[in-house]
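Descriptive analysis of the structure
Here is how the chains run, residue by residue.
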Amino acid sequence: MEKQKYYITTAIAYTSGKPHIGNTYEVVLADAIARYKRQQGYDVFFQTGTDEHGQKIELKAEEAGITPKEFVDNVSGEIKRIWDLMNTSYDKFIRTTDEDHEAQVKKIFKKLYDQGDIYKGAYEGMYCTPCESFWTESQLVDGKCPDCGRECKPAKEEAYFFKMSKYADRLIEHINTHPEFIQPVSRKNEMMNNFLLPGLQDLCVSRTSFKWGIPVDFDPKHIVYVWLDALTNYITGIGYDCDGNSTELFNKNWPADLHLIGKDIIRFHTIYWPIFLMALDLPLPKQVFGHPWLLQGDGKMSKSKGNAVDPFDALETYGADAIRWYFYINSAPWLPNRFHGKAVIEGQRKFMGTLWNIYAFFVLYANIDEFDATKHELRKAEELPTMDRWLLSRLNTLITTVDNYLADYCIPEAARALQNFVDEMSNWYVRRCRERFWAQGMSQDKIDAYMTLYTALVTVSKLAAPMIPFMTEDIYRNLVCSVDKSAPESVHLCDYPVADAAYVDKALEERMNEALNIVVLGRAARNGANIKNRQPLGKMFVRADEALGGEYAEIVRDELNVKELEFVDGEADFVSYSFKPQLKTVGPKYGRFLGKIKEHLASLDGSAAKKELDENGALKFSVDGNEIELGVDDLLIDSVQKEGSFAVSDYGITVAIDTNLTPELIEEGFVREIISKIQTMRKEADFDVMDKIVLYTGENEKLNGIIKKNAESIKHDVLADEIVYSLGGDSSKEWNINGEKMTLGVSKK
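Report follows, based on the coordinates. (Residues numbered from 1 in each chain as written. Predicted model: local features only at pLDDT ≥ 70, side-chain atom pairs only at ≥ 80, totals over all residues. Heavy atoms only, no water.)

What follows concerns the overall build of the protein. Check the secondary structure of the protein and you find 25 helices and 28 strands. With the C-alpha coordinates of the protein rotated into their principal frame, the extents come out at 100 × 80 × 50 Å. The buried share of the protein, reckoned over its 749 residues, is 54%. If you take every contact in the protein between residues at least 6 apart in sequence, the share linking residues at least 24 apart comes to 75%. Split by element, the accessible area of the protein, about 33500 Å² in all, is 47% carbon and sulfur. Of note, the protein has its 89 positive side-chain charges centred 2 Å away from the centre of its 115 negative side-chain charges. (Helix = DSSP H or I, 4+ residues; strand = E, 2+ residues; numbered from the N terminus. Buried < 20%, exposed > 50% of the residue type's maximum accessible area, 1.4 Å probe, protein only. Contact = heavy atoms within 4.5 Å. Areas by Shrake-Rupley, 256 points an atom, 1.4 Å probe, with all protein chains shown as cover. Lys, Arg positive; Asp, Glu negative; His and termini not counted. Charge placed at Lys NZ, Arg CZ, Asp CG, Glu CD.)

Time to look at the layout of surface pockets. Taken as a whole, the largest pocket encloses approximately 2000 Å³ of empty space. For the largest pocket, the lining is made up of 45 residues, of which Arg431, Arg434, Glu435, Trp438 and Gln679 are closest to its centre. Elements supplying a minimum of two residues to the lining of the largest pocket: α13 (341–369), α15 (411–438), α19 (550–560), β18 (562–567), α23 (663–684) and α25 (711–718). It is α23 that provides the largest number of residues to the lining of the largest pocket, a total of nine residues. Residues belonging to the lining of the largest pocket are distributed by class as follows: 14 nonpolar, 12 polar and 19 charged. (1 Å grid on protein atoms, 1.4 Å probe; cavity = no way out; pocket = protein on both sides within 12 Å on 5 of 7 lines; lining within 4 Å. Points joined across faces, edges and corners; volume = space filled by probe spheres on them. Nonpolar A, V, L, I, M, F, W, Y, C, P; charged D, E, K, R; others polar.)

Burial within helix α12 (residues 320–329) is extensive, with 10 of its 10 residues counted as buried. Taken as a whole, α12 has its buried residues at Ala320, Asp321, Ala322, Ile323, Arg324, Trp325, Tyr326, Phe327, Tyr328 and Ile329.

Now for the sheet that holds strand β24 (residues 653–658). An order of β18-β17-β24-β23 is seen for the four strands of this open sheet, with the pairing classed as mixed. Sheet topology places β18 and β23 (645–650) at the edges, where each strand pairs with a single neighbour. Adjacent strand axes in the sheet meet at a mean angle of 20°, parallel and antiparallel pairs treated alike. Pairing geometry for β23 and β24, over six bridges, is antiparallel. Counted as the bridge partner of Ser645 is Asp658 from β24. On top of the sheet, helix α18 (residues 506–529) reaches β17 (537–543), β18, β23 and β24; it is set at about 45° to β24, its chief contact. (Pairing = 2+ DSSP bridges. Axes fitted to C-alpha atoms, helices over the stretch in contact; angles between N-to-C directions.)

Residues spaced three or four apart along an α-helix face the same direction, because each turn holds 3.6 residues. Along its 29 residues, α13 runs 40 Å from first to last C-alpha, staying within 8% of the 42 Å computed at 1.5 Å per residue. In the structure, α13 departs most strongly from a straight axis at Arg349, where the bend amounts to approximately 35°. Phi for Glu370, located one or two positions after α13, is positive at around 50°. (Expected span 1.5 Å × (residues − 1). Bend = angle between axes of the 7 residues up to and from the residue.)

In this structure, the amide linkage connecting Gln183 to the following residue, Pro184, adopts the cis form with an omega of -10°. Relative to the helices and strands, Pro184 resides in the loop between β8 (182–183) and α6 (185–196). A positive phi angle, near 55°, is found at Asn561, a position not held by glycine. With a phi angle near 50°, Asp624 is a residue other than glycine that sits in the positive phi range. Here Asp624 shows up in the loop between β20 (618–623) and β21 (626–631).

A general trend in soluble globular proteins is that nonpolar side chains are found buried together. Counting residues in hydrophobic clusters, the biggest one holds 132 residues, and the most contacted among them are Trp325, Phe362, Leu418, Met425, Leu453, Leu479 and Met540. No other element matches the 13 residues that α15 contributes to this core. Apart from the residues lying within four places of it in its own chain, the contact partners of Met425 are Leu355, Ile358, Leu391, Val430, Leu453, Ala456 and Leu457. The next biggest cluster of nonpolar side chains, apart from the first, holds 57 residues, and it includes Met192, Tyr225, Ile265 and Val288. (Core = buried A, V, L, I, M, F, W, Y, C linked by side-chain atoms within 4.5 Å.)

Right, let's get into the sheet that holds strand β10 (residues 206–207). Either a parallel or an antiparallel arrangement is found when strands of a sheet pair, and the pairing is made through backbone hydrogen bonds. The strand order across the open sheet formed by three strands is β10-β12-β11, and the pairing between neighbours is antiparallel. The sheet is open, and its two edges are formed by β10 and β11 (215–216), each paired on a single side.

Another point: the environment of Phe250. In this fold, Phe250 is placed in helix α9 (residues 248–253). Distance from Phe250 to Tyr234, taken between C-alpha atoms, is 9.8 Å for residues 16 residues apart in sequence.

Across all of its chains, the model carries 32 aromatic pairs by this definition. Pairing Phe250 with Trp254 gives two aromatic rings, centres 6.4 Å apart and planes at 10°, and the pair type is stacked. The two residues Phe250 and Trp254 agree in class, both being buried. With centroids separated by 6.5 Å and ring planes inclined at 90°, the aromatic side chains of Phe362 and Phe371 adopt a geometry described as edge-to-face. Neither Phe362 nor Phe371 differs from the other in exposure class; each is buried. Ring-pair connections join several aromatic residues into one group, and the members of that group are Tyr7, Phe45, Tyr234, Tyr240, Phe250, Trp254 and Trp273. Residue placement shows Arg432 over the ring face of Trp428; its charged tip is 6.0 Å from the ring centre. The positively charged end of Lys610 is found above the aromatic ring belonging to Tyr577, 5.2 Å away from the centroid. (Phe/Tyr/Trp six-rings, centres within 6.5 Å; stacked < 30°, edge-to-face > 60°. Lys NZ or Arg CZ within 6 Å of the ring centre and 35° of its normal.)

Next comes the structure, spelled out in structure tokens:
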């Protein structure tokens, strides 16, 4: 079956100076879409390139003391080098100085002239050299160019004009009947209201005041207007021929499926370009998507403003994948973005670093166990433990989520979904299941853990491959190609993942999400009460819409190191509330009763009032015979902790921990702290994870008594064959363990 075509383009980069990181933004967005479409099975053609003519370049070359061609050769080469370093997978890099392009532009101009769309006249108006655009006085903004905000100068010259008004009604109809044509919608409204509906003026399409450009064939003193030259790259680059001898590549790929462009040039792509195509009797592109500018602190990043970031410096500092990920995660495509190093590093840490750590964890234990995923199968969902079923359900939900977002070009949303999943995989699945990987032998439970994590890592590498092509390739090739010689040799040759509904369990995801929320609140309560997580607690109370039982309750108890978990209907036993009026809302409504409203609120049973507010959405009472109704926005609500407990509320859940510690709980807390310190020493001594050790303890009667009493569990957890109750070991360190000082030593057995 023949693959469906998909033709995507970026705007071609203008070669008036050294490129900056903002130039990279657009091509990286387009590359993610192109790679995604290829993995979906489309026959993708991705074109980018450079725009190399115009007065601005002629002036820059003159300043540099070289010819315009030498100037653009240098700049275009730099731009192409950046695109390649960023691992962008373009199929064609077009230059408007390419001979075949220039020849077609001449023929297009002649055809439009011969059929009466272009005529000769004279132009007098305000000209912006950086934008290479003419404006009328009425179009200027405070005397400045409406596109770039720079100074415009009066200019008058003989020129050729294009009859834009001839096609305006047809374009308006096309936009109205094809709502997907201009995206996002705000860009469409801007074009309709500011340009099309007020009426289009004829467009100047030639210049005589400079020479660096494509000459009009039949009138060589005229140079083709740079935008007519540049826009036609989208058809000349794939082989359009004005005489009807277009290539098979053109016939297959036109119309373009997507033009991805900056918002500052959307007028040229959604008004001028469609009208040129109508005049050539060619179909219009299916969609033009206007992305925002990339900002750096003080406005649009541009060479002329002097705030541009050198892309080669950025690449050397952060690496291509990190910069790409920053572009995807940092902002919605229709909102202006800001480039700064801290955000790049943070994105790298939160997603790429976490994913790599999970991968490294898997590889470490898979190597120890000589685990080969090709020798095992992932079992059916109903046969797997709960944590495996949860991760696989989340994984298959993620596949659908990311696929849907990328299909709609919602790249930041897709990136955030991936980042959230990887965070949960690390901080919930791997952390809770790591002991399964430490177990001796190769039980079915251990195989399930390996196969679940393997499946998740390989799938995430495929899902994220369009965005971070280098790192996902490393992960895929090591996890898959090293053991399966029949697999595609690159992650970029793999099909994009498809969700398996058999592994999706929404009810399980919801219950686990509630458990996660309870754990988050439990940790917050511990922090509030200043009790470490290694200190066991006797009891915790939870008020939630649904009580968790069985395995989910056990997960919560284990995560929060709590002996007993009780779900309750109310929260009066462990938290109360105090209420005050919100003056800015209550004042205007009930100003003269404000004093008595304060008194009434202060006298309320806080727990009962909170319950009434939650159930009814308001507190109702009377003051001097007048009915008062206060909603949530009218009230300042403070929680009041009751002695012996600490409560935290969020997500519609209240969690309260019992802060009373018995001697038995305190002793167990010491044991956990001691184990933690020994594990730290193992890591600092660079012991292998499976190395057996001898543990040495210094003087401290209390701690030595606790260690002797709990010796077997300590030895099991830290892989100690022996405990020597005197100083020694290859490495030793003094610790403060819950206020008790002791020196511990360790040696490899």
